[in-house]
There are 2 protein chains.
Amino acid sequence: MPMSSRPLPRSVRDLTGYELLLSVAELGSIGQAAGSHGMSQPAASARLRQLEADVGTALLERRARGTRLTTAGELVASWAQATVEAASDLAAGIAALRADRHGHVRIAASLTVAEYLLPRWLIALRASDPETVVALDSGNSAEVATSVLAGTADIGFVESPEVASGLSAREVARDELALVVAPSHPWASRRREPRAEELAATSLVSRERGSGTRWALERALREHAGLETAEPLLEVSSTTAIKAAVTGGIGPAVLSARAVSTELAAGTLVRLGVTELDLTRSLRAVWPEGTPLRGPARDLLAIALRGE
Amino acid sequence: MPMSSRPLPRSVRDLTGYELLLSVAELGSIGQAAGSHGMSQPAASARLRQLEADVGTALLERRARGTRLTTAGELVASWAQATVEAASDLAAGIAALRADRHGHVRIAASLTVAEYLLPRWLIALRASDPETVVALDSGNSAEVATSVLAGTADIGFVESPEVASGLSAREVARDELALVVAPSHPWASRRREPRAEELAATSLVSRERGSGTRWALERALREHAGLETAEPLLEVSSTTAIKAAVTGGIGPAVLSARAVSTELAAGTLVRLGVTELDLTRSLRAVWPEGTPLRGPARDLLAIALRGE
DNA sequence: AGAAGACATAGGCACAGCTTATGCACTCCC
DNA sequence: GGGAGTGCATAAGCTGTGCCTATGTCTTCT
C-alpha cells in the first residue's frame, strides 16, 4: 500500500555537494566553484570529498592546473543537473508564490498549468529580464477568470473549455487526461480497454467536486453519450493522495497524463485508453478583451506559446 | 557568459521539508509523516513551519483530525515531487555506481544511455524486485562491448551504429543529435538552416576525439557527402562545459537533444536543423550471442524495451 | 630556481536541528 | 454535555555538522 518511494538517502537530501560538482565541471577548479557559491575553498573541498565518499568512487581528477571530472563524475553530474534543474523550477515557483501582490506581473493560473508548465515559463521569463518579479495566484478556472476580469491579475491560465465573456483567449498547450489503475487491477491485464459506458458506471478515486479534472471527465462522458458518472469511490484532496489510493489498489482514477508520467515509467501505475472517448482539453491563456497584453505579461505569453 | 543558473536558494537546497510535505499529503498527518521519515513529530512540525515561512504562505491546514494541504500546499507539493523524483533517479544511479562489481546485475553503459535513460530503468527494476543489486560501469561503446564479451558485464548499452561480432543487439531507444547555438549567434536569427557542407566547414565546440557523439556527427557528415569535419573550435571534457561555451557565444555545438532540452525550453540555447542530414542514431542493448538473457538482466531489457 | 596556482590539513567556533517531556485545542462519542 | 483521545505546538537542552582562517605541500610555468 505504500506508493511513495521510501525517504531519500541522506546523500541526496542536500544538493550543495552536487551543485559544487556542476560548478567544478563548468569552471574547472574547486576554488572557483567555491567562490561561485560564496564559500571558502576548504569548505567546498570537504563537501566534494564527502560526495566522493558517498558514491564510493573518484569523481574528480585533481591536477595542479585545476580539477576535471572523471567519467563517473560526468555521470553523477548529469544526474545531478536534472535534480538541480527540478529544484530550480521549485525555487522559481516558490519565489512567485512568495511575491504576493507586489510583482510586476500578476499571474492567476489553474492547478494543472501552475503545476506542470508555469515554473519553466517563469525561468524563461527571468532569463529574458532578470528584474521581473512575478506574483502567482492559483485557483480553479472560474477564480482565474474572475481575477483577470477584476484586474487582480494581469494574465491568467485556465483549463476549462469555455472562456468567460470579456476575456481574450489563446491556447498555449493541450492536456490529456489518463485513466490509470494499479498493475494488479483486473483492467490492467484485460485484453480490451474499457468502454466509455463502463468507465461512467465505475466508481473512481477522484478529487472533490469542482476540480477541473473531474469536471472535464464528467463533461466528456456527458457529451459522449449523455452518460452520468457514478459516485466517487473515494474523494481525496490531493493528486498525491489519488495516486497513493490507486497504487494501493483502491480503484481506478482519471488524472492529467502529466501527473502520472513517472509512475507510468516506473510501472507503478498502468494507463488505459477509453474506447471512443476524447479525454483531451486545451489549456488557455486569458486576458482582458480589448486591452492588448504588454510588458512582462506579453513576454510570458510569447514564452508560453513558444512551447517547450 | 555564465550559463549556469546562480546557486539554488537556501530554501531548496535541503529537500527534507519537501519530502515531509509530500508525506503529509499522502498520509494525512504530520505525526505519521514524521514517523515515515524516522523523525520525531516536533522535528517534522518545525521543518514544515520553516517551509511555510520560506514560502511566505500557509501550506498546511491543521485540523484536529489531521493535516491537509492548502491549494498553495498542493502546488508546492507538486513542484517538490518533481524534484524528489529527480533526486530519486540520482540516488538510484549512485547506488548502482557504488555497488561496484558485487551486484546481481552488472551493467555496462555508454554515457548517453547511463545519463538519460538508465536511472528510470533502475528504479523500475527495483520496483519489480527490491532485492536486486545493480552494479554500473560506464564507458564508451567500445569499452562496453569489451566488458560484455569478457563477461565482466551481464548486459551492455551502446550508442554506436555497429555492433561487435559475438554480441546480440536490440534497439531500446533512439537518440537525436541537435545542433545548438547561443541566441545571439548569427545562425540563430538566419532564415534558413545551415546546410551539411556549412556545418562540416564550421569549427565547433566539441568533446574529445573518441566521444560517441562526436564520432556520430563525423560519420553522418562523411556518409552524407564524404565531408570531413573542421578542426574543433574548442575541445572540452564535459557536456556541461560544452553548454557553457556555447551559451557564452564561443560557437555552435552538436549534442544529444536530451542534453539540451532544458536550455531550449529556457531559451538559453537555440536548436537548428541541418538540411538533409540525418542526425539520428540508435541506442542498443547488447549481450553475448547465443546465451539468452536471464534473471534481472532480462528484466532490465524488458523494462528498457517497454520504453517510457 | 623561483614563483604562483591549486588543493589538503588543522584547529576552533557557531548554529542548526534533533529528542524528550509537556501543554493545549478540537472532535467524537456516550 | 462532559470525558477521553488524537494531533499539533512549545520548551529546554544537547549533539554534531559544517564553516572559516591560517598554513602546508605539490606541481607547473617562466
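Residues numbered from 1 in each chain as written. Chains lettered and ligands numbered in written order. Predicted model: local features only at pLDDT ≥ 70, side-chain atom pairs only at ≥ 80, totals over all residues. Heavy atoms only, no water.

Draft legend 1. Region of the structure containing the relation of the copies chain A and chain B. For these two chains of identical sequence, chain A goes onto chain B by a turn of 180° and a shift of 0.0 Å along the axis, with RMSD 0.0 Å. The relationship between the two copies is best expressed as a two-fold rotation axis. For chain A, the residue whose C-alpha comes nearest the rotation axis is A:Asp14, separated from it by 2.3 Å. Interface overlap between copies is the fraction of interface residues in one copy that are interface residues in the other; for chain A against chain B it reaches 100%, indicating a shared surface. (Least-squares fit on C-alpha atoms with pLDDT ≥ 70 in both. Contact = heavy atoms within 4.5 Å.)

Draft legend 2. Representation of the domain arrangement of chain A in the model. Residues and elements named next belong to chain A. Looking at chain A, the domain boundaries give domain 1 (10-97) and domain 2 (104-302). The straight-line distance from the C-alpha centre of domain 1 to that of domain 2 is 35 Å. With seven residues of domain 1 in contact, the opposing surface of domain 2 contributes seven residues. Contact between domain 1 and domain 2 buries roughly 610 Å² in total, counting both sides, with carbon and sulfur atoms accounting for 58%. A per-residue breakdown of the area domain 1 buries against domain 2 is headed by Asp89, Ala92 and Ala96, which together make up 68% of the total. Linking domain 1 with domain 2 are one salt bridge, by the criterion used here. Asp89 is the salt-bridge partner of Arg120, the closest N and O atoms lying 3.0 Å from each other. Our count for the contact surface shared by domain 1 and domain 2 stands at two residue pairs in polar contact (both at pLDDT 80 or more). Here the side of domain 1 that touches domain 2 is composed, by residue class, of four nonpolar, two polar and one charged. (Domains from an automatic or database assignment. Buried area = accessible area lost by both parts, 1.4 Å probe. Salt bridge = Lys/Arg side-chain N within 4 Å of Asp/Glu carboxyl O. Polar contact = N/O pair within 3.5 Å; in protein donor to acceptor, adjacent residues only side chain to side chain. Nonpolar A, V, L, I, M, F, W, Y, C, P; charged D, E, K, R; others polar.)

Draft legend 3. Region of interest: the interface of chain A and chain B. Counting from both sides, the interface comprises 75 residues of chain A and, opposite them, 75 residues of chain B. In this assembly, chain A packs against chain B so that about 6300 Å² is buried in total across both faces, 59% of it on carbon and sulfur atoms. Of all residues in chain A, A:Glu26, A:Trp79 and A:Leu90 bury the most surface against chain B, accounting for 12% of the area lost on that side. Inspection of the chain A/chain B interface yields two salt bridges.

Draft legend 4. Representation of the pattern of salt bridges in the model. By the definition in use, this model includes 34 salt bridges over all chains. Close ionic contact of A:Glu19 with B:Arg13 constitutes a salt bridge, the shortest N to O distance being 2.9 Å. With A:Glu19 in helix α2 (residues 16-27) and B:Arg13 in helix α1 (residues 10-13), this pair bridges two chains. We note a salt bridge from B:Arg219 to B:Glu223, for which the minimum N-O separation is 3.0 Å. Residue B:Arg219 and its partner B:Glu223 are located together in helix α11 (residues 212-225), separated by four residues, close to a single helical turn. Judged by relative accessible area, which is 24%, B:Arg219 ranks as partly exposed. The network of salt bridges with shared partners includes A:Glu159, A:Asp175, A:Arg258 and A:Arg281. (Helix = DSSP H or I, 4+ residues; strand = E, 2+ residues; numbered from the N terminus. Buried < 20%, exposed > 50% of the residue type's maximum accessible area, 1.4 Å probe, protein only.)

Draft legend 5. Representation of the packing of helix α5 (residues 71-98) of chain B against helix α7 (residues 118-128) of chain B in the model. All names here are of chain B. It is the contact of α5 with α7, at a shortest axis distance of 8 Å, that shows an interaxial angle of 85°. Accordingly, the angle class assigned to the pair α5 and α7 is roughly perpendicular. Between α5 and α7, the contacting residues are Ser88, Asp89, Ala92, Gly93 and Ala96 on the first element and Pro119, Arg120, Leu122 and Ile123 on the second. Considered class by class, the residues forming the contact of α5 with α7 number five nonpolar, two polar and two charged. (Axes fitted to C-alpha atoms, helices over the stretch in contact; angles between N-to-C directions. Parallel < 35°, antiparallel > 145°, perpendicular 65-115°, else oblique.)

Draft legend 6. How the structure looks around the protein's contact with DNA strand D. Of all residues adjacent to DNA strand D, which total 19 residues, the nearest are A:Ser40, A:Arg47, B:Ser45, B:Arg62 and B:Thr67. For DNA strand D, the backbone makes up 79% of the atoms found within 4 Å of the protein, where backbone means sugar plus phosphate. At a separation of 3.2 Å, a base nitrogen of DNA strand D approaches a polar side-chain atom of B:Gln41. Those elements giving two or more residues to the surface near DNA strand D turn out to be α4 (41-55) of chain A together with α3 (30-36), α4 (41-55) and β2 (66-69) of chain B. The element contributing the most residues to the surface near DNA strand D is α4(B), with four residues. Residues belonging to the surface near DNA strand D are distributed by class as follows: seven nonpolar, eight polar and four charged. (Near = heavy atom within 4 Å.)

Draft legend 7. Expanded view of the environment of B:Leu136. Residues and elements named next belong to chain B. Secondary-structure assignment places Leu136 in strand β4 (residues 134-138). Look at Leu136 and you get buried, because its relative accessible area is 2%. For Leu136 and Ile107, which are 29 residues apart along the polypeptide, the C-alpha to C-alpha distance reads 4.8 Å.

Draft legend 8. Inspection of the protein's contact with DNA strand C at higher detail. Within the structure, DNA strand C sits among 21 residues, and A:Ser45, A:Arg62, A:Thr67, B:Ser40 and B:Arg47 are positioned closest to it. The sugar-phosphate share of atoms of DNA strand C within 4 Å of the protein amounts to 74%. Within the side chain of B:Arg47, an N or O atom sits 2.5 Å from a phosphate oxygen of DNA strand C. Listed by contribution, the elements that provide at least two residues to the surface near DNA strand C are α3 (30-36), α4 and β2 (66-69) of chain A together with α4 of chain B. The element contributing the most residues to the surface near DNA strand C is α4(A), with four residues.

Draft legend 9. Representation of the environment of A:Gln41 within the structure. Residues and elements named next belong to chain A. Tracing the sequence through the fold places Gln41 in helix α4. With relative accessibility at 43%, the residue Gln41 sits in the partly exposed group. Once the C-alpha coordinates of Gln41 and Lys243 are considered, the two residues, 202 residues apart in sequence, prove to be 44 Å apart.

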